[in-house]
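# Examining the three-dimensional arrangement
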There are 2 protein chains.
Amino acid sequence: MIISAPRLWSTLMDLAELGKFCEGGVNRQALSEEEIQAWRQIITWAEEAGLEVSTDPMGNLFIALPGVQRGLPPLLIGSHTDSQPTGGRFDGALGVLAGLEVLRTMVDDNIRPERDIIVVSWMNEEGSRFAPGMSGSEAFAGVRAPDDVLACRDRSGTGTLGDALVYFLSHFQNLPRRPLGFSPFAYLELHIEQGPELERCGIDIGVVTGIQGKKTFRVVIEGEAGHAGTVPMGSRRDSVHAFADLAAELFRTMKSIDDSVRFTIGQVTVTPDAPSVIPSGVQFSIDLRHPDSEILDHCGRETERIVADQRGPCRFVLTPLVDAAPNRFSEELQNRIMDAARRCGFSSMPVLSTAGHDARNIVKLCPGAMIFVPSRHGVSHAPEEWTSAEQVAAGAEVLAMVAREIAEA
Amino acid sequence: MIISAPRLWSTLMDLAELGKFCEGGVNRQALSEEEIQAWRQIITWAEEAGLEVSTDPMGNLFIALPGVQRGLPPLLIGSHTDSQPTGGRFDGALGVLAGLEVLRTMVDDNIRPERDIIVVSWMNEEGSRFAPGMSGSEAFAGVRAPDDVLACRDRSGTGTLGDALVYFLSHFQNLPRRPLGFSPFAYLELHIEQGPELERCGIDIGVVTGIQGKKTFRVVIEGEAGHAGTVPMGSRRDSVHAFADLAAELFRTMKSIDDSVRFTIGQVTVTPDAPSVIPSGVQFSIDLRHPDSEILDHCGRETERIVADQRGPCRFVLTPLVDAAPNRFSEELQNRIMDAARRCGFSSMPVLSTAGHDARNIVKLCPGAMIFVPSRHGVSHAPEEWTSAEQVAAGAEVLAMVAREIAEA
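Residues numbered from 1 in each chain as written. Chains lettered and ligands numbered in written order. Predicted model: local features only at pLDDT ≥ 70, side-chain atom pairs only at ≥ 80, totals over all residues. Heavy atoms only, no water.

## Section: the overall build of chain A
Scanning chain A for helices and strands turns up 12 helices and 18 strands. For a compact globule of 409 residues, the expected C-alpha radius of gyration is about 22 Å, and chain A comes in at 22 Å, within 12% of that figure. Counting the 409 residues in chain A, one finds 62% classified as buried. Restricting to contacts in chain A with at least 6 residues of sequence separation, those with at least 24 account for 80%. Accessible area for chain A stands at about 14500 Å²; split by element, carbon and sulfur atoms hold 49% of it. With 37 positive and 55 negative side-chain charges, chain A shows a separation of 3 Å between the mean positions of the two kinds. (Helix = DSSP H or I, 4+ residues; strand = E, 2+ residues; numbered from the N terminus. Rg over C-alpha atoms; globule rule 2.2 N^0.38 Å. Buried < 20%, exposed > 50% of the residue type's maximum accessible area, 1.4 Å probe, protein only. Contact = heavy atoms within 4.5 Å. Areas by Shrake-Rupley, 256 points an atom, 1.4 Å probe, with all protein chains shown as cover. Lys, Arg positive; Asp, Glu negative; His and termini not counted. Charge placed at Lys NZ, Arg CZ, Asp CG, Glu CD.)

Okay, structure coming up:
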């Protein structure tokens with residue numbers, strides 16, 4: 001079976017038009033108008049191929065190729081169609097569209113697998129509009145209660161994910177609705193590496209060994225507003241002053257722990273945010289990752305300790321959000337991927353995923369693994385994100401071979 | 001002449017309804033829908049009293065009581081009707097409405113001054129929507145070129161002050177338009193103290209000796225976006241990391257210079273502002289004040305030096321915006337205010353204004369002075385801003401007495 005590399009590339013480029021904000025740039029946040037357009041496009045492609053499309057109460061999208069024995073647990077292949085606000089063309093979209101390409105190829109070749117193969121697009125992987133992300137796969141795998149996911153508020157605090165989901169699904173009222181969750185036979189996800197290792201080593205296929213652990217926090221600093229010209233600095237409760245000291249110490253400490261720590265403050269909101277008003281409040285996000293679970297826990301405790309130790313006139317409140325331990329993928333599936341790459345004539349190597357993926361959640365239900373293709377300069381979450389048509393096709397081809405073998409197992 | 005304390009208080013409370021966002025809180029930013037409502041209300045009051053209302057090309061509002069000799073340079077009394085996004089009921093509004101009350105009282109008492117008395121509300125004093133502020137008085141006094149003021153962009157970068165002004169003035173097409181600028185005989189401004197001195201000393205009237213100097217800057221930090229999980233910290237160009245280090249050093253240095261330094265970072269914008277994206281950019285405001293011009297200059301040079309000295313992977317660009325030296329008000333007018341307070345039976349003391357005011361600009365055209373009334377706990381730019389009806393009336397009464405004397409001079 002050979003997938004159609006030109007068809008896969010053209011679907012990737014067509015989908016990148018939906019949410020395009022500059023050359024290469026995609027802003028297609030979860031449950032947005034742009035993601036409605038993306039779903040419409042993908043559903044059209046799937047229905048043209050005669051595939052079965054459905055959704056579930058959490059806004060996950062499913063595209064099934066029916067197997068001979070429909071009672072067998074299905075093979076699940078997935079990723080996500082949402083992007084960061086300044087994202088690129090490949091992150092997430094590649095995994096969904098490569099899965100679709102595998103199904104279209106099997107339809108074209110009149111291959112009917114033993115078990116269903118279902119391609120899924122998980123709701124809100126990125127978590128930029130509604131934090132934290134991976135909402136659809138967390139609810140699907142029972143990692144997080146659906147009500148908890150639905151109650152998540154957007155940044156402005158005005159709308160819930162639940163409200164946005166009702167609005168989103170109102171555009172797909174004719175789509176069959178399946179219950180939330182089922183037990184897959186196995187899970188596969190193709191993704192760009194989002195790191196420089198494959199490119200640096202000149203390797204076609206990354207066999208992903210696991211995903212590094214991740215913790216996220218929200219920190220609120222409460223100070224007091226006042227006139228920038230009148231209140232003496234010694235009498236102020238200046239939340240930006242407190243933020244600068246706290247953030248500088250956090251960065252200093254995290255950098256000193258070890259080279260594999262990833263510590264990011266990506267979102268900062270200042271209140272009331274006016275040049276001549278002493279800021280009364282700062283809210284910011286912490287994203288902390290490490291492949292080693294003990295070191296990750298240590299970093300998490302250090303973060304909590306440093307926030308708790310802050311002195312001065314402001315009040316600090318830290319709320320833990322995500323706490324995902326590092327995980328390892330199925331050895332057997334890793335071996336299958338390595339073997340398929342070899343038979344296709346591609347080089348491969350084991351790589352650790354430093355980014356989080358929905359696979360993290362689904363492997364709680366079944367064996368799972370991921371396939372990486374190179375990312376130019378390791379860049380992602382940016383318009384410069386790039387993987388060539390040949391590299392994309394190599395990943396999809398390996399995915400197709402492994403998927404077909406598993407579906408026959 | 002006794003002004004009507006209940007009438008003045010009720011106009012203050014009525015105006016505070018326009019832009020009210022919580023008990024005591026006013027959000028009536030420059031050229032906003034809320035300021036359109038405020039102008040409509042003030043114009044109605046002025047026209048009911050038979051006063052002459054006009055505007056100029058910069059969106060300053062003028063309310064004139066004609067004098068006997070209309071060719072004489074007029075006495076100007078003013079302040080502003082715009083507020084901070086989380087402002088209170090008194091800052092700015094008091095000065096305009098007390099001026100209006102002085103005119104209404106003279107009309108009621110059939111007093112016709114020798115020269116015109118004109119009450120003015122200056123456009124965009126606060127500078128929260130369009131920074132820097134004091135736009136109307138700067139253009140009026142020739143401190144800043146009108147085209148420069150009109151080209152000022154709002155925070156999002158999408159709209160100019162000029163566009164907002166055209167829209168704003170389109171609601172007042174029947175209002176007579178006077179040319180920009182004229183030479184007043186003198187300028188008076190009544191304002192809340194925005195500091196704790198009068199309250200602490202139990203004094204009714206502050207005779208303002210001058211305004212401390214102020215410099216403002218915009219700093220842009222340019223980094224590079226990337227995935228929070230994949231890019232090693234040593235390879236990042238993280239703009240929030242750079243901001244934390246820079247801001248912490250600025251605060252440390254400024255606090256070490258002397259107790260009278262006021263250094264504020266009130267506005268911070270992070271790009272793209274998503275939890276799992278390494279931030280590519282930070283833009284922030286600096287507001288720096290000191291009563292001593294040499295120390296202010298030293299602080300300004302230190303700010304520029306510290307930004308220029310920043311090492312690391314990000315790029316730093318500092319743009320000076322406002323550079324206003326400390327200024328002293330007319331000794332003769334200060335004496336008149338002190339004398340009027342004594343004759344009205346109020347206590348008074350000299351105070352320095354640590355906040356900036358439009359008076360700073362108008363004293364370039366004519367002698368000027370300011371009258372302060374106490375601010376509870378020194379709080380301003382906040383819903384808790386408070387000055388009692390008796391304190392407000394005392395200030396307006398002294399203003400009326402001084403204004404009438406000057407208008408007869």
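## Side note on the relation of the copies chain B and chain A
Rotating chain B by 180° and moving it 0.1 Å along the rotation axis overlays it on chain A with an RMSD of 0.1 Å. Both copies are brought into coincidence by an operation consistent with a two-fold rotation axis. Ranked by how close their C-alpha atoms come to the rotation axis, the residues of chain B are headed by Ala244 of chain B, at 2.2 Å. Here 100% of the contact residues of chain B are again contact residues in chain A; the copies associate through an equivalent surface. (Least-squares fit on C-alpha atoms with pLDDT ≥ 70 in both.)

## As for the interface of chain B and chain A
How big an interface is tends to be stated in terms of the accessible area lost upon association of its parts. With 56 residues of chain B at the contact, the number on the chain A side is 57 residues. Contact between chain B and chain A buries roughly 4700 Å² in total, counting both sides, with carbon and sulfur atoms accounting for 58%. For chain B, the biggest contributors to the area lost against chain A are His227, Met233 and Pro275 of chain B; these three give 14% of the whole. Counting across the interface, chain B meets chain A through zero salt bridges. For the interface between chain B and chain A, the tally reads 25 residue pairs in polar contact (both at pLDDT 80 or more). (Buried area = accessible area lost by both parts, 1.4 Å probe. Salt bridge = Lys/Arg side-chain N within 4 Å of Asp/Glu carboxyl O. Polar contact = N/O pair within 3.5 Å; in protein donor to acceptor, adjacent residues only side chain to side chain.)

## Examining the pattern of salt bridges
Evaluation of the coordinates by the stated rule reveals 44 salt bridges over all chains. Across the pair Asp339 of chain A and Arg343 of chain A runs a salt bridge whose closest N-O atoms are separated by 3.2 Å. Remark: Arg343 of chain A and Asp339 of chain A occur in helix H10 (residues 331–344); sequence separation between them is four residues, near one turn of the helix. We classify Arg343 of chain A as partly exposed; its relative accessible area is 42%. Ionic pairing is found between Arg289 of chain B and Asp287 of chain B, a salt bridge with its closest N-O pair at 2.7 Å. Comparing Arg289 of chain B with Asp287 of chain B shows no difference in burial state: the two are buried. Each of Glu332, Arg336, Asp339, Arg342, Arg343 and Glu405 of chain A takes part in salt bridges that share partners, so that together they form one network.

## Things to note about the environment of Ile42 of chain A
Residue and element names in this part refer to chain A. Mapped onto the elements, Ile42 comes out in helix H2 (residues 33–48). Residues Ile42 and Thr11, spaced 31 residues apart in sequence, show a C-alpha to C-alpha distance of 8.8 Å. Excluding anything up to four places from it in sequence, Ile42 contacts Leu15, Leu61, Ile63, Thr81, Val96 and Leu97.

## Overview of the packing of aromatic side chains
Enumeration according to the criterion identifies 29 aromatic pairs over all chains in this entry. Ring geometry for Trp122 of chain B and Phe140 of chain B: centres 5.0 Å apart, planes at 65°, overall edge-to-face. Linking Trp122 of chain B in the loop between strand E6 (117–121) and helix H4 (135–140) with Phe140 of chain B in helix H4, this pair joins segments that are 18 residues apart in sequence. Accessibility assignment for this pair places Trp122 of chain B and Phe140 of chain B in one class, buried. Ring centres 6.3 Å apart and planes at 55° place the aromatic pair Trp122 of chain B and Tyr187 of chain B in the tilted group. Of this pair, Trp122 of chain B sits in the loop between E6 and H4 while Tyr187 of chain B is found in strand E7 (residues 186–192), placing the two residues 65 residues apart along the sequence. For the pair Trp122 of chain B and Tyr187 of chain B, one class covers both residues: buried. Through pairs of rings, three or more aromatic residues link up here, namely Phe62, Trp122, Phe140, Phe182 and Tyr187 of chain A. Above the plane of the ring of Phe62 of chain A lies Arg178 of chain A, whose end atom (NZ or CZ) is 5.0 Å from the centre. (Phe/Tyr/Trp six-rings, centres within 6.5 Å; stacked < 30°, edge-to-face > 60°. Lys NZ or Arg CZ within 6 Å of the ring centre and 35° of its normal.)

## Observations regarding the domain arrangement of chain A
All names here are of chain A. Annotation of chain A at the domain level lists domain 1 (5–212 + 326–408) and domain 2 (213–324). For domain 1 versus domain 2, the distance between C-alpha centres works out to 33 Å. Each partner contributes to the interface: domain 1 provides 11 residues, whereas domain 2 provides 15 residues. Buried area between domain 1 and domain 2, both sides added, is near 970 Å², and the carbon and sulfur share of it is 56%. (Domains from an automatic or database assignment.)

## Re unusual backbone geometry
Cis geometry is found at the peptide bond from Ala131 of chain B to Pro132 of chain B, where omega equals 0°. Of note, Pro132 of chain B is situated in the loop between E6 and H4. Not every positive phi belongs to a glycine, and Asp273 of chain A is a case in point at roughly 70°. Relative to the assigned elements, Asp273 of chain A resides in the loop between strand E12 (268–271) and strand E13 (277–278).

## Observations concerning the side chain of Ser135 of chain A
Turning to its location among the elements, Ser135 of chain A is positioned in helix H4 (residues 135–140). In contact with Ser135 of chain A, not counting residues within four places along its chain, are Met123, Asn124, Val149 and Leu161 of chain A.

## So, the packing of helix H10 (residues 331–344) of chain B against helix H12 (residues 389–408) of chain B
Any two packed helices are characterised by the angle at which their axes cross and by the distance between the axes. Residues and elements named next belong to chain B. Close contact between H10 and H12 brings their axes to 9 Å; oriented N to C, the two are set at 125°. Here H10 is positioned oblique relative to H12, judged by the angle of their axes. Both H10 and H12 take part in a crossing whose hand is right-handed. Facing Leu333, Arg336, Ile337, Ala340, Ala341, Arg343 and Cys344 of H10, the residues of H12 in contact are Glu397, Val398, Met401, Val402, Glu405 and Ile406. Its residues assigned to classes, the contact of H10 with H12 comprises nine nonpolar, no polar and four charged. (Axes fitted to C-alpha atoms, helices over the stretch in contact; angles between N-to-C directions. Parallel < 35°, antiparallel > 145°, perpendicular 65-115°, else oblique. Left-handed = near helix turned anticlockwise from the far one by under 90°. Nonpolar A, V, L, I, M, F, W, Y, C, P; charged D, E, K, R; others polar.)

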